[in-house]
Amino acid sequence: MPELPEVETIARGLDKRVAGDRIESVWIGNKPEPLKSSAAEIVKTLERSRIQRVRRVGKHIVFDLSAPKGTSGTPQWIVHLGMTGRMLVASAGAEPAGHTHLVARLESGRELRFVDPRRFGRLEVRQSAFNGPGKEPTSIALEELVKLFRRRTSPIKAALLNQKLLHGVGNIYADESLFRAGIRPRRRANLVTTAKYAKLHKGLQAVLAEAIAAGGSSVSDYVDADGEEGFFQLQHRVYGREGKPCLVCKTPIKKIVVGGRGTHFCPRWQR
DNA sequence: ATACCGACCTGTCAGC
DNA sequence: TGCTGACAGGTCGGTA
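One numbering rule holds for all chains: residues counted from 1, following each sequence as written. Chains and ligands are labelled by the order in which they are written, letters from A for the one and numbers from 1 for the other. Under the rules for a predicted model, residues below a pLDDT of 70 receive no local features and side-chain atom pairs below 80 are neither given nor counted, while totals for whole chains, interfaces and linings still include all residues. Only hydrogens and water are set aside when side-chain values are computed; all heavy atoms of the structure are taken into account.

Quick word on the state of the cysteines
Quick reminder of the rule: Our working definition of a disulfide is a cysteine sulfur pair at a distance within 2.5 Å. Burial here depends on accessible area, computed with a 1.4 Å probe over protein chains only, as a share of the maximum for the residue type. Under 20% is buried, over 50% is exposed, and the range in between is partly exposed.
Tallied over the entire structure, the rule returns 0 disulfides. We note that C246 lacks a disulfide partner, and the nearest cysteine sulfur, in C266, lies 3.6 Å from it. For C246, a relative accessible area of 3% translates into the label buried. Of all cysteine sulfurs in the structure, the one in C249 sits closest to C266, which takes part in no disulfide; the separation is 3.6 Å. The exposure class assigned to C266 is buried, which follows from its relative accessible area of 0%.

Describing the packing of aromatic side chains
Using the following cut-off: In summary, the pairing rule links any two rings of Phe, Tyr or Trp, Trp by its six-membered ring, whose centres are within 6.5 Å, and it sorts them by plane angle into stacked for under 30 degrees, edge-to-face for over 60 and tilted for everything else. Here a helix means four or more residues in a row that DSSP labels H or I, a strand means two or more in a row labelled E, and each is numbered from the N terminus.
On inspection of all chains with the given rule, the structure shows 4 aromatic pairs. For the ring pair F149 and Y197, a centre distance of 6.2 Å and an interplane angle of 80° mean the geometry is edge-to-face. Residue F149 is located in helix 3 (residues 142-149), and its partner Y197 is located in helix 6 (residues 194-213); the two are separated by 48 residues in the primary sequence. Y197 shares its class with F149; the two are buried.

Some remarks on the protein's contact with DNA strand B
Convention followed: Here a residue counts as near a molecule or strand whenever at least one of its heavy atoms sits within 4 Å of it. In the analysis that follows, any N or O atom pair within 3.5 Å is treated as a polar contact, provided that within protein one partner can donate a hydrogen and the other can accept it, and provided that, for residues neighboring in sequence, both atoms belong to side chains. Asp, Glu, Lys and Arg are counted as charged, while Ala, Val, Leu, Ile, Met, Phe, Trp, Tyr, Cys and Pro are counted as nonpolar; the rest, among them Gly, fall into the polar class.
Near DNA strand B, the surroundings consist of K31, H99, P117, R118, R119, F120, R152, T153, S154, P155 and R188. Sugar and phosphate atoms constitute 59% of the interface atoms of DNA strand B, taking the interface as everything within 4 Å of the protein. Note that a phosphate oxygen of DNA strand B is positioned 2.7 Å from one of the side-chain N or O atoms of H99. Note that a base oxygen of DNA strand B is positioned 2.7 Å from one of the side-chain N or O atoms of R118. Here the surface near DNA strand B is built from residues that sort into 3 nonpolar, 3 polar and 5 charged.

Looking at the protein's contact with DNA strand C
In the vicinity of DNA strand C lie 20 residues, with H80, S217, S220, Y222 and R261 positioned nearest. In DNA strand C, atoms within 4 Å of the protein come 51% from sugar and phosphate. Take R118: an N or O atom from its side chain is 3.2 Å from a base nitrogen of DNA strand C. Side-chain polar atom of Y239 to a phosphate oxygen of DNA strand C: 2.8 Å apart, as the coordinates give it. Its residues assigned to classes, the surface near DNA strand C shows 7 nonpolar, 7 polar and 6 charged.

These figures come from the coordinates and say nothing about function on their own.
Okay, structure coming up:
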């Protein structure tokens, strides 16, 4: 579900609301997420630690924690929302949503609730710094992006989705940035010209910045930490516009499958 | 080493 | 109305 702009919006909202708060106790459901750390380890790390900061790394939400008195280190709580995950701040009395898998009760009386119907999300605690699987797309330099992609023989769209190269780009923003650059999603990455890479770099950073400014894209069920929807879906140029006219040349937008993912593009404008 | 494809889950919606 | 199947913003592991 959430890609870079949505996770960025959620992380900023969480930081604003829970930074400085302390986790008093943690409840984990009996059908928990596939946890990357054991439930006991998560409870042990979170309980009695203070949330210093909440930020995004790739598509992950990172809670920087200060360890309880008497212990050392700066533990982190890493949350990946998968397709349908939500991290909500709720008042303790509020009715819990279905598929709530973790509740962290805070000193302030509120609760952090992790909700994920499809259970593709992942929860993890770690003691060493988490840097994400790849490079940060919002700040990567053009030369570095070209170096990363140039030798790949996979379709350019599959390369964009590969989190070990750039982390944070998902299906919507891959399609949107390829449209802005005028590149066919199936074009092999090693055959994309330098000039097109310059356009892709520019288009990708522009679309991510615009989407963050709009609070992300709510296609079916994405909401931020306050339960609010984003509105960047209103500015999508190809994603979800199958059959509708291309905004450049009026040709109907086509939908195909690339790398196993639904892919939207203009067959005339994108070459 | 790299790339592809099915599996993992549940909810929703279109079509019959 | 109710059933069935396709599909969904993501990632992983096995196979080619």
